[in-house]
Amino acid sequence: TTENGLIINRHYLPKGEYKQGPIKPEWLFIHHTAGWNNPYKTIDSWGRDTRGSVATEFVLGGQSVKGNDDKYDGVMVQAFPEGNYGWHLGKNGSQTMHKNSVAIEVCNFGYIKDGKTYAGTRVDESQIVTLAESFKGFKDWHRYSDAQIESLRLWMLFIAERDDIDIRAGLPALIKEKGAAAFEFNEDAYYGKIKGVLTHTNTRKDKFDMFPQQELLDMLVSL
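The rules behind these values
Residues numbered from 1 in each chain as written. Predicted model: local features only at pLDDT ≥ 70, side-chain atom pairs only at ≥ 80, totals over all residues. Heavy atoms only, no water. Pairing = 2+ DSSP bridges. Helix = DSSP H or I, 4+ residues; strand = E, 2+ residues; numbered from the N terminus. Axes fitted to C-alpha atoms, helices over the stretch in contact; angles between N-to-C directions. Parallel < 35°, antiparallel > 145°, perpendicular 65-115°, else oblique. Left-handed = near helix turned anticlockwise from the far one by under 90°. Contact = heavy atoms within 4.5 Å. Nonpolar A, V, L, I, M, F, W, Y, C, P; charged D, E, K, R; others polar. pLDDT = per-residue confidence, 0-100.

A. Here's a closer look at the sheet that holds strand β3 (residues 58–60). The strand order β1-β4-β3-β5-β2-β8 describes an open sheet built from six strands, whose pairing is mixed. Strands at the two margins of the open sheet, each flanked by one partner only, are β1 (9–10) and β8 (196–199). With two bridges joining them, β1 and strand β4 (residues 76–78) adopt parallel strand pairing. What sits directly across from Arg 10, in β4, is Gln 78.

B. Layout of the packing of helix α3 (residues 146–163) against helix α7 (residues 214–222). For the pair α3 and α7, the least separation of the axes is 10 Å and the interaxial angle reads 20 degrees. Between α3 and α7, the crossing angle belongs to the class labelled roughly parallel. In the crossing of α3 with α7, the sense of the turn from one axis to the other is right-handed. Contacts between α3 and α7 involve Ile 149, Leu 152, Arg 153 and Met 156 from the former and Glu 215, Leu 216, Met 219, Leu 220 and Ser 222 from the latter. A breakdown of the residues in the contact of α3 with α7 according to their chemical character gives six nonpolar, one polar and two charged.

C. Focus on the confidence of the model for the chain. The predicted model of the chain has a mean per-residue pLDDT of 94, with 100% of residues at 70 or higher. Ranking the elements of the chain by mean pLDDT puts helix α2 (residues 95–99) last with 90 and α7 first with 98.

D. Seen up close, the pairing of strand β7 (residues 138–142). Where strand β6 (residues 128–135) meets β7, four bridges bridge the pair, whose relative direction is antiparallel. Paired with Val 129 across the strands is Trp 141, a residue of β7. In this structure, the hairpin formed by β6 and β7 is closed by a connection of two residues, where Lys 136 is found at a positive phi of approximately 55 degrees.

Laid out in C-alpha cells, this is it:
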C-alpha cells in the first residue's frame, strides 16, 4: 500500500520478459490492451508469448464488454519491479524515450463496429460510447469506466511523484490546445521532443490505442 492509500498488486513477469534498469523516467505513456478485462490474464499472456520483453509496468483492469463482470474494474496490477522497463512503444524516433518511459495498459477492447469488438464479441450497450467525431475512422468505442478513469488519475499522480514526471505536460497541454485532436499522431512526440504524458497514438500512426472519450479528456486536463 502506498502512502496515499493505493494498493500495488504485484504479479511479476518472469525474468527476461522485461528489461533491466536503471531508467530515468521523463515520460508516462497510456495504452489500452485491445483485449479483455482481467489485468492478471493480460500479464500472464505477455509471459507466455514469443515477443520477448514487450510489456508495461502497470495494467489497469476494467469491465467485461459483455456487461457481466466488473471484478477487476479499476484494479491496477504491477507487471515488473519499479526501475525496469518493457518494449511498449515499438518503432519510434527516440530510443531514449522508449527506455525512459513508464507505461500503463488499460484493459479495453477499442473500437466497436456494428455492436461488436474487432474480435466479433457482442458488446453490452452500457459498455459502448459514441464520440462526437470519429477517431481513427470509428465513432463507437468500448467505454472506459468511471472506476478506470479515477484509478488512472490516482496512479498517474502516484507515478508523477514517484518518478518526478511532469504529467501536466504533453497530452494534457495538447488537449487544452487541440481538444480530441491531441490524440492524433504528433511528429514531435514521435521524436521524443514532447515530454510528460503521451498516448501510443501520438507516436504511431498505425495504432488503435487510447481514444478521446470525453471523461478521459476531462480527467487529463484536471491533472
